[in-house]
Amino acid sequence: MRDLTRLLRPKSIAVVGGGAWCAQVVEQSEKMGFDGAIWPVHPRAAMVAGHGTFPSLTDLPEVPDAVFVGVNRKTTVGIVEELSEMGAGGAVCFASGFAEALAEDETAADLQAQLVAAAGDMPILGPNCYGFINALDGALLWPDQHGCTPVSRGVAILTQSSNIAINLTMQQRGLPIAYMFTCGNMAQTSQAQIAMALLDDARVTAIGLHIEGFGDLRHWEALAEKAHEKDIPLIALKVGASDQAKHATVSHTASLAGSDTGAQAVLDRLGIARLHELPAFLETLKLLHFYGRLDGTRLASISCSGGEASLIADMALGTGLTFPALDEQARDALREALGPMVALSNPLDYNTYIWRDADAMAQAWAGMTGDKFDMTVSVVDYPVTDASDWICATEAALKVRASTRKPFGVVASLPELMPPEVADQLMEGGVIPFHGMAEALSAITAAGPQSAPHSLPLCRPGTGSPAQTLAEDQAKAALSSYGLDCPKGVSGPRGEIASLAQSLRTPFAVKGVGLAHKSDTGGVLLGLDHEGVAAAAAQIGTSEILVEEMVAHGVAELLVGVTRDPAHGFVLTLGAGGVLTELLRDTAHLLLSVDENDIRAALDTLAIGRVLHGYRGKPAANIDAIVSAVLAIQAYVLAHPTTLSEVEINPLICTPDRAVAVDALIQLAEEVT
């Protein structure tokens, strides 16, 4: 990996180009207090933003650490080549018109390749990129206004959208932003590689990633592993769930968005929590900045209104957050503080008997902290008219944090009812000011424990188009050779199949070969004996017929599918199978490669998982056999990653002894060399 240290934390900055954009780079670094050298480079202009210019790069007094290249796209390539040859620390390539413009300019991709070749070993950001803000050292290669202020420590945010980056810097939520990065086209240096470099800065407390497309998954695996080792939380705002978002992503960044199922599976595998809205993204970063990962998702809530207590309880449904019941120690402390007139529960409505008495409020609120809770929040909405009567709530929250040292937050149910000056005061005392109840709940959920990154590497698929679908008997033969249990059967011409089936044991399943959705089109007949085979074959009507011994004593039917997602790998789907697959939609998704523990854990998330373990006195399925079946399918996929498009087993009939693939599909793809 290229060393980004000089680029990200420069001692000198060169700005190549003139005009308003380049002038802003100079002005913004000066406003932030950058104490290094700033050297504008322009062949004709005498001054840029009040600084005398140098006619060319070779006229600079020293080789620059970081360079903002603010010239047109074709000139950019030559400038980058010159910087690389002179040993510069790195460059931000501002110009657009590269790979993101391929639809309008067929030469754009070639120009981007030329840019990467010109850079050589020198790191570049972009092109089509605003650059970055380093608010720790006051170094800004940033051509526009922003809302960042100098900080001594804080979070890093990386996004592929320059406009979203500007908007995020304007947040008024009290979040200390140490770095803001825009990644542009990521022609050379990926978002994950930038984040890896930021992990080496001890002043970075957490990293937020606004992701449009992952790119090289090996970079993300390395990032997740390094972040886990350093105990620096990563969170993601991943777009692309809708068809419209996927189209916008591809057109904007020239990256492949892939399926949202695949994206979620990647994040789950890497141990990166996912947010879906910008406000919750910022609130989560704020929480992680102060407290790091929470130990769990056990929440205590305090409010002086029963309505707010009910609201937060209802809004937490489905989030995974829990409200543990109060133990006797907590109840005794609360009775002492609140008296006999308050019903004690979690969430707690403490009424207003002690309002304006900050010490009494702090005593009561402290009773809702302790080892039984991972986070305690007090719901307080500060009025926009006269908030003087609410000073007691701020003081109480600060007293609780100071006395207990437990994670504590003040939640404004409406974001606009948390005044900036109150947020600043709370944060100075280590209390999290949450802007919005929904945002707070999302943040607490996302800041909970995350699994370590998976130890197995992701399997990278080929890119060829689907080319051939194997007949069912061929698919089963291929999968059987990797250990999948399939029914004993024979296939052959319709007129000969009855005699070929004499060696099999009844009852039979008789199927037409080459039919899709056989059960829906009369292409499969069940429960037949030897005498019924010929008539069944004639009724089905296909030239080739498959006869198999039926599987008895089935406990449940599962779907096991593997589909190729070019952006993320091979997605393994486990779920309720049979004819009700689409109706039930009871599925779990993983990315290959997986191990036995992954499969067992996924099965336990399914509603049908209770049936597999024996439901209401019924026999249990053989879980070991199911796991072996899935691993056999994976073994086939891993042996053919470049030529496989899809594998589907539906159903996998699960019995107390076996897990048998009674229907199988394999779709092959062209091999791209």
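Let us look at the pattern of salt bridges. The tally for this structure, following the rule as stated, stands at 23 salt bridges. For the salt bridge of E221 with R218, the shortest nitrogen-to-oxygen distance reads 2.9 Å. Pair noted here: E221 and R218 are both in helix α7 (residues 217-230), with a separation of three residues, about one helical turn. Overall, the relative accessible area of 17% leaves E221 in the buried class. In this structure R218 comes out as partly exposed when scored by relative accessible area, which is 27%. Of the charged contacts, one joins D389 and R356 as a salt bridge, the two residues approaching to 2.9 Å between their closest N and O atoms. Taken as a pair, D389 in the loop between β17 (375-379) and α14 (391-404) and R356 in the loop between β16 (348-349) and α13 (358-366) lie far apart in primary sequence, 33 residues in all. Exposure remark for D389: the relative accessible area of 26% places this residue in the partly exposed category. Connected through shared salt-bridge partners, R9, D137, D201 and R203 make up one network.

What follows concerns the nonpolar core. Of all hydrophobic cores here, the largest spans 102 residues; its most connected members are I157, L158, I207, L287, M375 and F434. Element by element, the count of residues in this core is highest for helix α10 (residues 278-291), at seven residues. Contact partners of I207, with chain neighbours within four places excluded, come to A156, L158, A195, L198, L199, P233, L234, I235 and L285. Counting residues in hydrophobic clusters, the runner-up holds 44 residues, among them L484, V627, I633 and Y636.

This paragraph deals with the sheet that holds strand β15 (residues 299-303). Ordered in space as β16-β15-β17-β18-β19, the five strands form an open sheet in which the pairing is parallel. The outermost strands of the open sheet, each flanked by one partner alone, are β16 and β19 (432-435). Taken together, the four bridges between β15 and β17 define a ladder with parallel strand orientation. Bridging across to β17, A300 finds its partner in T376.

Looking now at unusual backbone geometry. Note the cis peptide between L592 and S593, where omega equals 15°. Locating S593 in the fold gives a position in the loop between β27 (587-591) and α21 (596-605). The linkage connecting N650 with the following residue, P651, adopts the cis geometry, with an omega of 10°. Here P651 shows up in strand β28 (residues 644-654). Phi is positive for D231, close to 60°, though the residue is something other than glycine. Inspection of the secondary structure puts D231 in the loop between α7 and β13 (234-238). Despite not being glycine, N351 has its phi angle at roughly 60°, a positive value. Turning to its location among the elements, N351 is positioned in the loop between β16 and α13.

Before going further, it helps to examine a nonpolar patch on the surface. Taken together, the side chains of V579, L580, L583 and L584 present a nonpolar region at the surface, about 430 Å² in accessible area. Within the secondary structure, L583 sits in helix α20 (residues 581-584). Note on L583: relative accessible area 67%, which makes it exposed.

Turning to the side chain of T189, a few remarks are in order. Here T189 lies in the loop between β11 (177-182) and α6 (191-198). A polar contact of 3.0 Å, which involves the side chain of T189, links it to the backbone oxygen of I124. At 2.7 Å, the side chain of T189 and the side chain of Q188 are in polar contact. Leaving out residues up to four positions away in the same chain, T189 has contacts with L4, P123, I124, L125 and I194.

Here we come to the packing of helix α12 (residues 328-338) against α13. Relative orientation of the contacting elements α12 and α13 amounts to 160°, with a least axis distance of 8 Å. When the interaxial angle is binned, α12 and α13 end up roughly antiparallel. Considering how the two elements wind past one another, α12 and α13 form a crossing that is left-handed. Note on element contacts: α13 touches α12 through A360, Q363 and A364, opposite L334, E336, A337 and L338. Classifying every residue of the contact of α12 with α13 gives five nonpolar, one polar and one charged.

What follows is about helix α17 (residues 472-480). For an α-helix, the turn length of 3.6 residues means that residues three or four places apart are oriented alike. Looking only at α17, the buried set comprises E472, A475, K476, A478 and L479. Angular distribution of buried residues about the axis of α17 spans 160°; they occupy a single face of the element. Residues of α17 that are buried make contact with β22 (508-512), β24 (544-549), α23 (623-639), β28, β29 (659-661) and β30 (664-669).

Rules of the game
Residues numbered from 1 in each chain as written. Predicted model: local features only at pLDDT ≥ 70, side-chain atom pairs only at ≥ 80, totals over all residues. Heavy atoms only, no water. Salt bridge = Lys/Arg side-chain N within 4 Å of Asp/Glu carboxyl O. Helix = DSSP H or I, 4+ residues; strand = E, 2+ residues; numbered from the N terminus. Buried < 20%, exposed > 50% of the residue type's maximum accessible area, 1.4 Å probe, protein only. Core = buried A, V, L, I, M, F, W, Y, C linked by side-chain atoms within 4.5 Å. Contact = heavy atoms within 4.5 Å. Pairing = 2+ DSSP bridges. Patch = residues over 30% accessible without salt bridge, like charges linked within 9 Å, V, L, I, M, F, W, Y side chains within 5 Å. Areas by Shrake-Rupley, 256 points an atom, 1.4 Å probe, with all protein chains shown as cover. Polar contact = N/O pair within 3.5 Å; in protein donor to acceptor, adjacent residues only side chain to side chain. Axes fitted to C-alpha atoms, helices over the stretch in contact; angles between N-to-C directions. Parallel < 35°, antiparallel > 145°, perpendicular 65-115°, else oblique. Left-handed = near helix turned anticlockwise from the far one by under 90°. Nonpolar A, V, L, I, M, F, W, Y, C, P; charged D, E, K, R; others polar. Arc of directions from axis to C-beta.

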